[in-house]
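A closer look at the structure
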Amino acid sequence: MSLGKVARSLVKPARGVLRSSASASALNRSYAAVAEARAVLESELDGIRAAGTWKAERIITSKQGPHINVDGSRSSILNFCANNYLGLSSHPEVVQAGIDALKSYGAGLSSVRFICGTQDLHKNLEQKLAEFHEREDCILYASCFDANAGLFEVLLGPDDAVLSDELNHASIIDGIRLCRAKRLRYKHMDLSDLENKLKESQSSRMRLVVTDGVFSMDGDVAPLTGICDLAEQYGAMVFIDECHATGFLGPRGRGTDELLGVMNRVHIVNSTLGKALGGAAGGYTVGPKPLIDLLRQRSRPYLFSNSLPPPVVGCATRAVDLLLASNEISQSMTAKTMRFRNKMTQAGFTIAGSAHPICPVMLGDARLASLMADDMLKLGVYVIGFSFPVVPKGKARIRVQISAAHTNEDIDHCVDAFIQTGRKHGVVS
């Protein structure tokens, strides 16, 4: 064997050893990085547990409704925590419409809308929602979070300004972050501060005032009349998120704008199919047709997300049909809401908000809210403690939500359980 061959035969194993050593070193670094990340994550989780703000997920073993079965509980539980305002998530006609759509149109489209994901049932629901809100057109999204994420970036540019209530929903905040407009945040429902921000932004090309119609953590109803007055005075448009109003607020359940008599003064409405309108999933934007047309061309959550599954669309369409035909279901909410609020106030509890089915029982302490919610479950009532970061620090509460499907007996049982638990923890005497 030549000297060159001998040398090459020695070098090859050496290279293999070097490669093996380098691979082992890289693998060790990878393991170390994962271990370090795990330690950071575990530390963060320990902090959440120590603060008493850990959010455990209870497992429901039945359909959604005023009475549910919960894993670990032996009997039926009264549910006072769902956004199922009208009780339509398990309404027989709504469920059957979903079954019919599944049989006729399949489980899903496997596509986005502009490729091959648009069916006639999608267009039908969009037309009905536009009719329901008395707007020109409608576009469907996978959720209202997506609707909020997809609107502002398309509508507003660097020459524009957006004026947002400081307590707007997280999805609105995230959506606004995506746009390049000048951002001004006004104090919660403070018309004076809003006017100052409108004056400050007068040089902008377009201005959009953005607010929740109803603020989901407190049940506060936005002062839309004053907002519309200021918007018209200063040449701005008005947007509202109606997730906690659509279907049951206002004489015909059209929402906050109908309740306050400003339907023709609010320009853009985003809302959800996942609460009062069947409780499944999906969101939408209703407003001027040119805006809806532009959203179909440029809104990223719309362009890059699969279309809503046919069973979801079928359920939501039937829910809207029921509300278009009658306001009977939505009108049953008021008396039941006031029954709960009045009885709880008389018992000594502090209830935030006004005459809205969201009835936050204010406690302040996160750990107390969690403990009381656990004790309420033992008494047969399903409620959840809300704490930071869902609500501000020091504002922990148990948020009760009244449904049209609750009976007066259900409400009285819930109040009695609160009184018993409140006395145990020294909240009421």
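Structure report, in brief. Residue positions are counted from 1 within each chain, in the order its sequence is given. Since the coordinates come from a predicted model, pLDDT governs what is reported: local features require at least 70, and pairs of side-chain atoms require 80 or more to be given and counted, while whole-chain, interface and lining totals use all residues. With hydrogens and water set aside, each side-chain value is computed from the structure's full complement of heavy atoms.

Glancing now at the overall build of the protein chain. Going along the chain from the N terminus, every DSSP run of H or I of four or more residues is numbered as a helix, and every run of E of two or more is numbered as a strand. Scanning the protein chain from terminus to terminus reveals 16 helices and 15 strands. For the protein chain, the spread of C-alpha atoms along the three principal axes comes to 100 × 55 × 55 Å. Residue exposure (1.4 Å probe, protein chains only): buried if accessible area is under 20% of the type maximum, exposed if over 50%, otherwise partly exposed. Counting only residues that meet the buried cut, the protein chain has 49% of its 429 residues in that class. Partitioning the intrachain contacts of the protein chain with sequence separation of at least 6 by distance along the chain shows that 71% fall at a separation of at least 24. In short, Shrake-Rupley with a 1.4 Å probe defines the accessible areas, and a residue's cover is counted only from the protein chains shown. In the structure as shown, the protein chain presents an accessible area of about 20,200 Å², 53% of it carried by carbon and sulfur atoms. We call two residues in contact when some of their heavy atoms are within 4.5 Å.

The geometry of an aromatic ring pair is captured by the separation of the ring centres together with the interplanar angle, meaning the angle of the planes. Each Phe, Tyr or Trp ring (for Trp, its six-membered ring) is paired with any other whose centre lies within 6.5 Å, and the angle between the two planes then decides the class: stacked below 30 degrees, edge-to-face above 60, tilted in between. Enumeration over the complete set of coordinates arrives at five aromatic pairs. Ring geometry for Phe152 and Phe239: centres 5.4 Å apart, planes at 70°, overall edge-to-face. With a gap of 87 residues between them, Phe152 in helix 5 (residues 144-155) and Phe239 in strand 9 (residues 237-241) connect regions that are remote in the sequence. Across this residue pair, the class does not change: Phe152 and Phe239 are buried. Between Phe340 and Phe418, the aromatic rings sit 6.4 Å apart at their centres with planes inclined by 65°, giving edge-to-face as the arrangement. One end of the pair, Phe340, is in helix 14 (residues 333-347); the other, Phe418, is in helix 16 (residues 408-424), with 78 residues separating them in the sequence. By the burial criterion, Phe340 is buried, and Phe418 matches it. Ring pairs connect the aromatic residues Phe340, Phe349 and Phe418, which therefore count as one cluster. Only when the NZ of Lys or the CZ of Arg is both within 6 Å of the ring centre and within 35 degrees of the ring normal is a charge said to sit over the ring. In this structure, Arg58 packs its charged tip against the face of Tyr382, placed 4.9 Å from the ring centre.

Looking only at helix 7 (residues 191-200), the buried set comprises Asp193, Leu194, Lys197 and Leu198. For helix 7, the angular spread of the buried residues around the axis is 145°, confining them to a single face. Summarising the contacts, the buried residues of helix 7 are in contact with strand 4 (161-165), strand 5 (182-186), strand 6 (207-212) and helix 8 (224-234). Identification of polar contacts relies on pairs of N or O atoms within 3.5 Å, with a donor-acceptor requirement for protein atoms, meaning one able to donate a hydrogen and the other able to accept it, and with residues adjacent in sequence counted only if both atoms are side-chain atoms. Where helix 7 begins, the capping side chain belongs to Asp190, and its oxygen is found 3.1 Å from the backbone nitrogen of Ser192. When we speak of the arc, we mean the arc of directions from the helix axis to the C-beta atoms.

With that settled, the discussion passes to the sheet that holds strand 15 (residues 396-401). A pair of strands is labelled paired if DSSP reports no fewer than 2 bridges between them. Judged by pairing direction, the sheet is antiparallel, and its three strands sit side by side in the order 12-15-14 without closing on themselves. Each end of this open sheet is capped by a strand with a single partner; those strands are strand 12 (358-364) and strand 14 (385-386). Here strand 12 runs beside strand 15; their pairing, made up of six bridges, is antiparallel. Note on strand 15: the bridge partner recorded for Ile358 is Gln401. The strands touched by helix 15 (residues 366-378) within the sheet are strand 12, strand 14 and strand 15, with strand 15 carrying the most contacts at an inclination of about 40°. Every angle, taken between N-to-C directions, lies between 0 and 180 degrees, and every axis is a line fitted to C-alpha atoms, over only the stretch in contact when it is a helix.

Contact geometry of helix 15 with helix 16 gives a least axis separation of 10 Å together with a crossing angle of 130°. Classified by the interaxial angle, the pair formed by helix 15 and helix 16 is oblique. Considering the relative orientation of helix 15 and helix 16, their crossing is right-handed. In this structure, helix 15 uses Met372, Asp375 and Met376 to contact helix 16, whose residues at the interface are Cys414, Ala417, Phe418, Thr421, Gly422 and Lys424. Any residue that is not Ala, Val, Leu, Ile, Met, Phe, Trp, Tyr, Cys, Pro, Asp, Glu, Lys or Arg is counted as polar, Gly included; the first ten are nonpolar and the last four charged. Looking at the contact of helix 15 with helix 16 residue by residue, the class counts come to five nonpolar, two polar and two charged. Note on angle classes: values under 35 degrees are labelled roughly parallel, values over 145 roughly antiparallel, values of 65 to 115 roughly perpendicular, and the remainder oblique. By definition, any crossing whose near helix is turned counterclockwise from its far helix by less than a right angle is left-handed, and any crossing with a clockwise turn is right-handed.

On to unusual backbone geometry, then. Excluding glycine, most residues fall at negative phi; most peptide bonds, likewise, are trans. Following Phe388, the chain continues to Pro389 via a peptide bond in cis, the omega torsion being 10°. One can find Pro389 in the loop between strand 14 and strand 15. Even without being glycine, Glu134 reaches a positive phi, approximately 55°. Within the fold, Glu134 resides in the loop between helix 4 (120-133) and strand 3 (137-141). On the accessibility criterion, Glu134 (48% relative accessible area) is partly exposed. Despite not being glycine, Met189 shows a phi value in the positive range, around 55°. Inspection of the secondary structure puts Met189 in the loop between strand 5 and helix 7.

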